[in-house]
Amino acid sequence: MSGKKYCLQASYLLAVIILAVCIQLLCACGKEETDRAEMICVGVAVYNQSDTFLGEMVSCLKESLHDYEEKGVELTMVLRDAAGSQRKQDEQVKELIDAGCNVLCVNLVDRSTPSDIIDLARENDIPLIFFNREPVAEDIMQWDRIYYVGAPAEQSGIMQGELAAALIQSKPQIDRNKDGKIQYVVLEGEPGHQDAIIRTENAVEALRSSGIELEKLSSGIANWSRAQAENRMLQMISQHQHKIELVLANNDDMALGAIDAYDKLNYTETALPVFFGIDGTDTGMEAVIEKKLSGTVYNDKEGQAEAIARLIAALVLGERMEDIKFENERYIYVPYRKVELGTGDF
């Protein structure tokens, strides 16, 4: 064999080897990219995990995300609790980003000050899903990778008012002093909180629209807390005694706190007002079934958790974003449902 022919064969063989190596490298890179795309680290930051509804919703989110693990997606969820401090939550979001989370789900402490969190997400190009506590529209529109998942607050207030009106119309004995008016008190969530304001206003308006004449005796801030609601209710009872005929609470925990106050004072059943909550927590639903709570409005935590999980999959894995039904391109609202007295059905 001539030297020239041998060199040509050797060159050809070397080229084949190099080509094969390149193909292997490309395949390895493609597999690495696929693996990377199927690894999701979800950072979840909540305003206060001691909130009953929120704790239940986080559990639902874990279950919904677990469904994707069963599909072969490597998924990690990292949870942080701000315990009511916006400054602490801002720091926790930075920690979640530094820990490698590639999507953020944030339940804001203060819905009016999300700018630091938005800036952190945008600077690191990490999609941001706010949930349960809705920022103002201007903040949602700051960046095209910001979304919100929750429920329409006005609907919960309307439904609560409608439930109360239907019960009052069917049971005239609720008007114990027979003056043709229902004397009521309100237990509110947080001062200035959007959901608290909207729930209260719409519940009262729905009652009036149903033809119920009302007289407001008092209101108290209880910060969504059962214990605080009990204390506020004890104060209102001491002031108004047997005059209170209806208690409207912005959530189930506060409604249950109001019931606790009457239990503590050993009021007889005929001297009790009627109580209405919102959220349909596990304890709230039990109280409706036991006829302690006259009604609640179910805040669909399972539906919201599923919506968040679908959105995460679409954002990180590219799974059928076109199948998600948005309002105004960024919002997913899951409707409330009424829970009837003594049944727990909706």
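None of these values were measured; they are calculated from a predicted model. (Residues numbered from 1 in each chain as written. Predicted model: local features only at pLDDT ≥ 70, side-chain atom pairs only at ≥ 80, totals over all residues. Heavy atoms only, no water.)

A. Broad picture of the sheet that holds strand β6 (residues 182-188). Spatially, the four strands line up as an open sheet ordered β7-β6-β8-β9, and their pairing is parallel. Edge strands, defined here as strands with exactly one partner in the open sheet, are β7 (214-221) and β9 (274-276). Each strand of the sheet is rotated relative to its neighbour by a mean of 20°, with strand direction disregarded. In this structure, β6 lies alongside β7, joined through seven bridges in parallel fashion. Across the sheet, Val-186 pairs through a bridge with Ser-219, a residue of β7. In the packing of helix α6 (residues 153-170) onto the sheet, contacts are made with β6, β8 (246-249) and β9, and the angle to β9 comes to roughly 160°. Most of the contacts of helix α9 (residues 252-264) go to β9, to which it runs at about 155°, and overall it touches β6, β8 and β9. (Pairing = 2+ DSSP bridges. Helix = DSSP H or I, 4+ residues; strand = E, 2+ residues; numbered from the N terminus. Axes fitted to C-alpha atoms, helices over the stretch in contact; angles between N-to-C directions. Contact = heavy atoms within 4.5 Å.)

B. Representation of the sheet that holds strand β4 (residues 128-131) within the structure. As summarised here, the arrangement of the six strands in space is β2-β1-β3-β4-β5-β11, forming an open sheet in which the pairing is parallel. Two strands bound the open sheet, and with one partner strand each, they are β2 (74-81) and β11 (331-333). When the angles between neighbouring strand axes are averaged without regard to direction, this sheet yields 20°. With four bridges connecting them, strand β1 (residues 39-46) and strand β3 (residues 103-106) associate as parallel partners. Following the sheet pairing, Ala-45 is matched in β3 by Val-106. This element, helix α2 (residues 52-69), spans β1, β2 and β4 of the sheet and lies at about 165° to β2.

C. Inspection of the pattern of salt bridges at higher detail. Enumeration according to the criterion identifies 16 salt bridges in this entry. Residue Arg-122 pairs with Asp-119 through a salt bridge whose shortest N-O separation is 3.0 Å. Of the two residues, Arg-122 and Asp-119 both sit in helix α4 (residues 115-123), three residues apart, roughly one turn of that helix. Arg-122 sits in the partly exposed class, given a relative accessible area of 33%. For Asp-323, the salt bridge is made with Arg-320, and the minimal N-O distance between the two is 2.3 Å. In this structure, a network of salt bridges that share partners links the residues Glu-56, Lys-301 and Glu-302. (Salt bridge = Lys/Arg side-chain N within 4 Å of Asp/Glu carboxyl O. Buried < 20%, exposed > 50% of the residue type's maximum accessible area, 1.4 Å probe, protein only.)

D. Fine view of the packing of aromatic side chains. Scanning the entire structure with this criterion turns up six aromatic pairs. One aromatic cluster is present, formed by Tyr-148, Tyr-331 and Tyr-333 through successive ring pairs. (Phe/Tyr/Trp six-rings, centres within 6.5 Å; stacked < 30°, edge-to-face > 60°.)

E. Representation of the side chain of Thr-281 within the structure. Its place among the elements puts Thr-281 in the loop between β9 and α10 (282-289). According to the relative accessible area criterion, Thr-281 is buried, its value standing at 2%. For Thr-281, the contacting residues outside a window of four places in its chain are Thr-52, Phe-53, Glu-56 and Asp-252.

F. Up close: the pairing of β6. Where burial is concerned, most of β6 is hidden: seven out of the seven residues are buried. Each parallel crossover has a hand, and for β6 linked through helix α7 (residues 194-209) to β7 it is right-handed. Pairing of β6 with β8 involves four bridges; the strand directions are parallel. In the sheet register, Val-185 faces β8, and the bridge partner there is Val-247. (Right-handed = clockwise from strand over helix to strand, strands pointing away.)

G. Molecular detail of helix α8 (residues 226-240). Given a rise of 1.5 Å per residue, 15 residues ought to cover 21 Å, and the 21 Å separating the end C-alpha atoms of α8 matches this to within 8%. Among the residues of α8, Ala-229, Glu-230, Met-233, Met-236, Ile-237 and His-240 are the ones counted as buried. The buried residues of α8 all sit within an arc of 130° when viewed along its axis, so they share a single face. Relative to its buried face, α8 has exposed residues pointing more than 90 degrees away, namely Ala-227, Ser-238 and Gln-239. With a side-chain oxygen lying 3.3 Å from the backbone nitrogen of Ala-227, the N-terminal cap of α8 falls on Ser-225. In the stretch just after α8, Gln-241 is the one whose phi turns positive, near 55°. (Expected span 1.5 Å × (residues − 1). Arc of directions from axis to C-beta. Polar contact = N/O pair within 3.5 Å; in protein donor to acceptor, adjacent residues only side chain to side chain.)

H. Local environment of helix α3 (residues 86-98). With 13 residues, α3 extends 19 Å from end C-alpha to end C-alpha; this agrees with the ideal 18 Å at 1.5 Å per step. Residues Gln-86, Gln-89, Asp-90, Gln-92, Val-93, Leu-96 and Ile-97 constitute the buried set of α3. For α3, the angular spread of the buried residues around the axis is 165°, confining them to a single face. In α3, the exposed positions angled more than 90 degrees off the buried face are occupied by Arg-87 and Asp-98.

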